[in-house]
Every structure is written in structure tokens, then in C-alpha cells.
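Coordinate analysis (summary)
This is what each chain is made of:
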Amino acid sequence: MLNELHELSISLKNYNLLQSITHPDIGNVGKNDCILFELDDNGIPCALRILQKEDTAKLWKHSKGNHNSFPAIRVQKPLLSSKESQKINDAIWNEANLSQKIAMLSQLDYSSINLECSDIKISNWSLNQLNPVLLSSQPEFAALKQLISIFPRKGQQSVFLPKLINLLHKEVLQCEQEYWINLIKKLLIGTYDSKSGKYLAGCMTYYDMYETTKYKNLVFSSETRHALIKLLNNNNTGNSNKQALNIISPFSGIKTIGIGEKYPNPNIPVLGQTYLYSKKSDTPCLSRYKMTGTMAFQAGEDEIHDINDSLAFLTESSRKNITWNIMADSNREKPNLLLAYLKDDPQNNALLAKILTDPSNFEDFEEYREAAENVYEELCNQVLGNFDDVIRKNPNTKVNLILLETLDTGRKQVAYENSFTAERLRENLLKWNEASKNTPPIEIRISDKKGIVFIKPICLGPSNICQLFKINYTISGLKKPIKQSDVSLYEIYKLYMPNLQTERFQVLERFFELTVKKSRWLLKDTAYKMILDYALPSTKQSITQANQAAMFASLLSILLYFADIRKEIYMSNTAFNVGQFLKLADMLHKEYCVQVRNSGNKKATLPAQLIGNEMLIIASENPVEGLTRLRDRMKIYISWAETATGENSGLAKWILARFEEVSLKIATAKEELPQHFNPVEQAQVLLGYLANIPYEKKDSYKTNNSNAENNNV
């Protein structure tokens, strides 16, 4: 991955896009609830705010790894003595309401300071590293300069802490939010830790100047952060390690200053804190050659900082869906980070990352209702429209794709990477878009307050495929999530974005087998519920089931397309019409039960299973056996339909007419009914069972057709 990012950094430099926006000692605070204290010009805490995790994550800090952090400081030991901590039982606290918690904290002795609490200070290392700020006259540093000047040094906490505690005491007496009081309690007296036998706070705090017109921008602002990064990079204060030495760059082969003992560890979307390079320091096979830790791979200091800046460029929040996006992981529950960019045009605004992950993503059911149609085609047009000039100039320019997964905190690795030409990307997207239209007429109905909503197969992407194969479905269609996908990311991208068309054929058979096996119970149950009740209820579970069934139907249709089986052909094939035949069998069985067994009462109970649904799995694997068993059981229902009369016989007559049409297609098909269906044919059976029943509208069937539409086709 470093190689690709090094090439990107060169490209960004060529386009004057590489900005100094990262520094190894400056990063994000991380997601924690946090108390932000505001100090006046004399260093006295005069106000505080409680920040929730999402807001804290936007703050910056200057630190050496996890140490010497400023102005964000995690206070590990409570501000008050253990004698005060013992006054409040944690179990009783958790059960108390807001007013009771305020009463408990009001009884503490706020003059009983914990002398062991020495976390709140600015270290000598921080003072040395931030000295250029004190020497600068830039107006962006006014608040930060003042904070550094007044903040307590080592040994000065005994003066600062009473003032901080006094402010917290005032806040306790007027607190109106329970999560505020919980965080203040945590800082004041901590929580008992049974392992250490001590009270621990572990509370994140942040320090800034009190907001006045005196300062152009406050310490926590992005203006301060960006100005500080630029200042420190220009003053070259970042590389304070003593192990920096002249090395031969593994990227350029040129002699340069090595990165030394510390690689950057940026906090990037999806993955969090990430070390660009990490190595266990005592690996025997390396330590014998004195190549411990980062010395095992030394790259140029400037090169690594450029790589870090390139990564920051790709993962900037405004470039989500363009150069980065969230992607499902095939082996873990945590998501991956996908990076995608055009090597010769890195600033291109094509929604490349979106179309390579989740092109048809909808946040909610209402959004699906409004925007499901043609969303993939519109996205294709956006991407290819932005690529048009690039492809015209050089169709062989490369698109780089990198997927990063989490191993543990800090350590990430490449889960998948590939590069393909822009022209290949164009061909693959157009082909996939065409393949997505290979579906038969399928409408999964959802009944909600606004009426019937039709969930149709939409064009799915790699993330959808990965997630579909991380679920097992039971006989009743219920889902059981599993941690590991049945298909790998490597296989998914071979199907979706192959470098050569032959790569797709290599995985096609496996995808047919797995998709049929994985989807059959879900599709069987979804179609059956519509036959029974016309539409699924608008519950979260049913909407999820409908969406997943629609995506499986789309995937099966796409696979058939790449097997050179078009819907115009397979809808006339025996296998597809076996599925249609089974659906009609269910419809006729249901109508018989309503009219004969239940005397026309549509609300009365029906059999636990209708005959077509009962035979679906058997007939999809062994069609001769399945249809033979079905024929014997169908005689009574067909005889009734042939002789039925009256106003309630219309639907039965319509079903019987469709039976004749489907039976004729099966009987006159070029291929004979085989003893066994292979996975490709099984896919067609499932699609046939889920698809609508086609018919020609004729005057003689006008009444019957109307009945059919009001029930189920």
C-alpha cells in the first residue's frame, strides 16, 4: 500500500494538490465523552462544557504517541481523595435519579484534593515542541500562545486543581443533565477498580481559552490545527527521534534522511488510529540484524510525511464516496475502508468509491420508495461522465483500489488491492448495469399506511454481495447472521470488476452454487407470503426480508446474464416455467381452500403449507420427481376449477388458463425435462417462483384478469 500512496503523493505534488495537512505529533482526540474547560487570561477555570463522543472526535491534540498530550488530557486519577470516593457506592449511584446524584455529590468535601493526581499539566516535551508557537506572531496562535503560557507546569497542580474543583462544584449544584453529572462524578471521585483496588477516573478533559473577541480563533478550532501543522512542519520539529539516519529510500533508491523511530499514526475514517508501519520490536529474525521495530523498514522522512498527507487527502470528509467509502468485511464484523482514485487525475470528482462499494445504498424505506429506480444507471453516468476526458486522453490510465481492514487497535492491513485501466472500469460498469436489467418482472409487495410499495430488484454492488453471504436463512426464511462471508472480497471483485472477462468466468460456477444454496429458503418464503397475504407487512423485519430477496433475485439474474442466458430466453425455458407452475399450484390450492373449505371466507385459516411451496425445493433439484408428486395431488383442485361456476369462480378459471399456457411452454420446450437441474437451472426455478405470472389481456378474460390483479399474479 505504501508504494501506491507514494506514487499518489508524487502525482498530487505534480498537480499542486499535496498540502502539509498532517504532522506525526498532531492527531484527533478520539471518541470519548469529554469535559472542555475554559480558562481566563490568568489561568483560572471559569466555564465548562460537556462534549459527547462525536464532538470530541473533531478536536485535535499534540502528543508523543499516547503520552504528553496537550491540550487534551486524560485524567487517570480522581481529583478528590479516595476518602471522598468511598462516600458514594457505585451501585447506588447507578440506580439514583438526577436530584439524588446531585445530593450525593453535594455532600463531598471539595477541599480534600487527591495529591496523587498529577495528570493536568503541560510537559517539558510539549513546551519544547510547541516553542515555535510562542515565538510566532501569527494571529491564529493568539489563544494557543496564551493557553501554553498560563497552563500549569509540573509541580504547579496544587495551585490549579482547587480552582478546577471549585468550578466543578458550582456546576454540580446547577446541573440539569444526567449524563453531565455522571461525567463530572467520574472526574471528581472516579469508579472503583477491583483489579487495582483503587478509584480510577479515566476521564477525557480538554482546555481552551474563554471565548472573547480578543482571539481570532480558539485553541480547538481547525484554523489553529492547520496553522500549527504548517508551522511545525516548516520548523522541522516533528522528527525529535535520535535514530534518524541516512538511508537509501526503498521507493526512489535515493539517499535521504530516514523516518527514524516513529511513523505517523493518523486517525482515519472507519479504521480509527492507524500506524502506517508497525513491527514488533523483538522479532528474532530481524533483531539479530539490528533491525528492531521501525528500523526494519526505513523510508525517507519527507516521503513518509508526503504519504501521510496523501492518505489525509484521500480520506478527507468531503471526499467520502469519491475517494473513500465504507465497505463490508468478508471475515470480520467490523467494516473495511475502501480507497479508490484515478492515478493520473487524483482530484477527479467521480463517485468512484461509491460505485465500487455500495452503489444502491438507501438510508431508509422512504428513500427507497422515492429513489430506487435507475439509481445505478445514474451513478454510472456520473462516474463515466467525470472519466470521459481522462479516458479520451489515455484509456489505459490506472484506477487504484485498496481495501484496508482492522487487525487490532492501531494495526491495519490490506485486505484486497487491485488496479485496472479506466477503460476496463468503464466496460465493467456498463456490462454490470446491463446485467442488472436481466431480471424477470418481480415485485415484492409491502403494505404500509400509504398503500402498496413495490420492492423491485435493484443493481447491487460489492458491499451488498458481501453482506448477503454473511447470512444463513432457515426453512421459514428467518435469517441467522454469521461472522464470515461465504465468498471472499477477492471473488466478489473478480465478479464485479475483473481485469479480464475470463476472470469472471472463473468464479461464475461457484457463485451460482452458493447463491442458489444461500437464497432458496429466503426466496421460497418471500414468494409464499405474498401468495398467502398478497403483501408483506411494513415491519422492519419484513422490509429487510424484501430488500434481501430483491437483491438475491438481482444477483441471480446478473449471474444468468454473464452465463449468456438472457431473460428473453430463460423466461421461456423449462426451469423458469417449472417455478411459475409451482406458483400457480399454490394460487389454485389457496383459492380452493378459500372457496370450498372456508366457504368463501378469505380471513379463515389456510393449510400450514400450500402444495407448490411444499414441492419447490424437490422440483428445483429433481423436476421429474417433483412434478410427478405434484400432479397426483393437483387433480382434485384442477377438477374443481374446471367445474366451478358462479361469481367466485373467476380467479380459479384465470389460474387454470395460466396453467395451460405454462404447461404448454414446458411441453414444447426444446430441451426435455431432465432428471436433475444444475445450479444455473435451479436459479431459474427460483426466479420463476418469485416472478409475476404473465398473461395476455383478452376481452374474454377481462373479469378474470381483474380478479387476478386483486389477488396475486
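Right, let's walk through the structure included here.

Rules and cut-offs
- Residues numbered from 1 in each chain as written.
- Predicted model: local features only at pLDDT ≥ 70, side-chain atom pairs only at ≥ 80, totals over all residues.
- Heavy atoms only, no water.
- Core = buried A, V, L, I, M, F, W, Y, C linked by side-chain atoms within 4.5 Å.
- Buried < 20%, exposed > 50% of the residue type's maximum accessible area, 1.4 Å probe, protein only.
- Helix = DSSP H or I, 4+ residues; strand = E, 2+ residues; numbered from the N terminus.
- Contact = heavy atoms within 4.5 Å.
- Pairing = 2+ DSSP bridges.
- Axes fitted to C-alpha atoms, helices over the stretch in contact; angles between N-to-C directions.
- Lys, Arg positive; Asp, Glu negative; His and termini not counted.
- Salt bridge = Lys/Arg side-chain N within 4 Å of Asp/Glu carboxyl O.
- Polar contact = N/O pair within 3.5 Å; in protein donor to acceptor, adjacent residues only side chain to side chain.

**Quick notes on the nonpolar core**
Grouped together as the largest cluster of nonpolar side chains are 119 residues, with contacts concentrated most on L356, L425 and L429. When residues of this core are assigned to their parent elements, the largest contribution, 14 residues, is made by helix α21 (residues 540-562). Aside from chain neighbours lying at most four places away, what touches L429 is I355, Y376, C380, V383, L384, Y496 and M497. With 66 residues, the next largest nonpolar core counts I122, L147, I150 and Y206 among its residues.

**Section: the sheet that holds strand β6 (residues 72-75)**
Here we have four strands laid out as an open sheet, ordered β3-β2-β9-β6, and mixed in their pairing. Because the sheet does not close on itself, it has two edges, and the strands there are β3 (45-51) and β6. On average, each strand axis in the sheet is inclined to that of its neighbour by 30°, with strand direction left out of account. In the sheet, β6 pairs with strand β9 (residues 203-209) via four bridges, with the strands oriented antiparallel. Along β9, the bridge assignment pairs V75 with C203. Across the sheet, helix α8 (residues 142-150) touches β2 (34-39) and β9, and the angle it forms with β9 is around 115°.

**Overview of the environment of L584**
Within the fold, L584 resides in helix α23 (residues 574-597). Sequence separation of L584 and F70 is 514 residues, and the distance between their C-alpha atoms is 72 Å. Apart from the residues within four sequence positions on either side, L584 is in contact with I655, R658, F659, V662 and I693.

**A look at the side chain of K524**
Inspection of the secondary structure assignment puts K524 in helix α20 (residues 501-533). Look at K524: it is buried, it has no salt bridge, and the nearest opposite charge is D525 at 6.9 Å. At a separation of 2.8 Å, a polar atom in the side chain of K524 contacts the side chain of N613.

Remember that the coordinates give geometry; whether it matters functionally is a separate question.
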